[in-house]
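Inside the fold
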Amino acid sequence: AKPIVKEIGPFGYAKNCHRYDITWNKEQTLVEFTQNVTYTYNPDISHNNDPTNVSVTTMNLPLIGLLTLMESIETDPKYKRWKEVFEIIFDTADWLNEIIKYEPLFITKTVDEMLWGYEDPIFKLVHEVE
């Protein structure tokens, strides 16, 4: 089957850099600073789309990563604790199939979420295990 694709961008952002804690070395030859970078959506250079209202459907990369890790969980002794935790969470030794039921292979998120992040149940679960 062929995927159906549609161009939805571009989404333009202005990069804003703020430097602070600026210090020079004794010889005045080297400057050190901390930099804070922010990005602001710029509708003037975008394709009239609000990134908070445009959705994208894509593969669930956190799930794909976890499934890849799970190949190691089955065979690598250093992941024994992970396997035990997953069996407790899903109340079954067949936790791999349970996770696939819990999380879809494809997810739909806004462009804003895809660019700047969102709370993902897989990452939350992995963080709780660690």
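A brief look at the structure comes next. (Residues numbered from 1 in each chain as written. Predicted model: local features only at pLDDT ≥ 70, side-chain atom pairs only at ≥ 80, totals over all residues. Heavy atoms only, no water.)

1. Points about the overall build of the chain
Secondary structure summary: the chain contains five helices and four strands in total. Starting at the N terminus, the α and β elements of the chain follow one another as β-β-β-α-α-α-β-α-α. Contacts in the chain between residues far apart in sequence, at least 24 positions, make up 60% of those at least 6 positions apart. When the accessible surface of the chain is split by element, carbon and sulfur atoms take 54% of a total near 9,900 Å². (Helix = DSSP H or I, 4+ residues; strand = E, 2+ residues; numbered from the N terminus. Contact = heavy atoms within 4.5 Å. Areas by Shrake-Rupley, 256 points an atom, 1.4 Å probe, with all protein chains shown as cover.)

2. Examining the packing of aromatic side chains
As enumerated under the stated definition, the model contains three aromatic pairs in all. Summarising the aromatic geometry, the rings of Tyr13 and Trp116 are spaced 5.4 Å apart at their centres and angled 70 degrees between planes, so their arrangement reads as edge-to-face. Of this pair, Tyr13 sits in strand 1 (residues 13–24) while Trp116 sits in helix 4 (residues 111–116), and the two are 103 residues apart along the sequence. Among the aromatic residues, those joined into a ring-pair cluster are Tyr13, Tyr39, Tyr41 and Trp116. (Phe/Tyr/Trp six-rings, centres within 6.5 Å; stacked < 30°, edge-to-face > 60°.)

3. Overview of the nonpolar core
Grouped burial of nonpolar side chains is what soluble globular proteins tend to show. Core analysis: the largest hydrophobic core is formed by eight residues, namely Leu63, Leu66, Met70, Ile73, Tyr79, Trp82, Ile99 and Ile122. Sorting elements by how many residues they give to this core places helix 1 (residues 61–75) first, with four residues. (Core = buried A, V, L, I, M, F, W, Y, C linked by side-chain atoms within 4.5 Å. Buried < 20%, exposed > 50% of the residue type's maximum accessible area, 1.4 Å probe, protein only.)

4. Some words on the environment of Met70
For Met70, the position within the fold is in helix 1. The exposure class of Met70 is buried, given its relative accessible area of 2%. Residues Met70 and Lys83, spaced 13 residues apart in sequence, show a C-alpha to C-alpha distance of 8.5 Å.

5. Quick notes on the layout of surface pockets
Empty space within the largest pocket amounts to approximately 260 Å³. Around the largest pocket, the lining residues are Pro3, Ile4, Val5, Lys6, Ile8, Ser55, Val56, Thr57 and Phe106. Looking at the lining of the largest pocket element by element, the count peaks at three residues for strand 3 (residues 55–59). Counted by class, the lining of the largest pocket contains six nonpolar, two polar and one charged residues. (1 Å grid on protein atoms, 1.4 Å probe; cavity = no way out; pocket = protein on both sides within 12 Å on 5 of 7 lines; lining within 4 Å. Points joined across faces, edges and corners; volume = space filled by probe spheres on them. Nonpolar A, V, L, I, M, F, W, Y, C, P; charged D, E, K, R; others polar.)

6. Considerations on the pairing of strand 2 (residues 31–41)
Where strand 1 and strand 2 come together, 10 bridges link them in antiparallel fashion. When the bridges of strand 2 are listed, Tyr20 appears paired with Thr34. The loop that links strand 1 with its antiparallel partner strand 2 comprises six residues; one of these, Gln28, has a positive phi angle of about 60 degrees. (Pairing = 2+ DSSP bridges.)

7. Here we look at the side chain of Ser46
In this fold, Ser46 is placed in the loop between strand 2 and strand 3. A residue is classified by how much of its surface remains accessible, and Ser46, at 12% relative accessible area, is buried. Those residues within four positions of Ser46 in sequence are excluded, and the remaining contacts are Pro10, Phe11, Gly12 and Tyr41.

8. Focus: the environment of Val56
Secondary-structure assignment places Val56 in strand 3. Classification of Val56 by relative accessible area gives partly exposed; the value is 24%. Note: C-alpha distance between Val56 and Glu113 (57 residues apart in sequence) is 9.6 Å.

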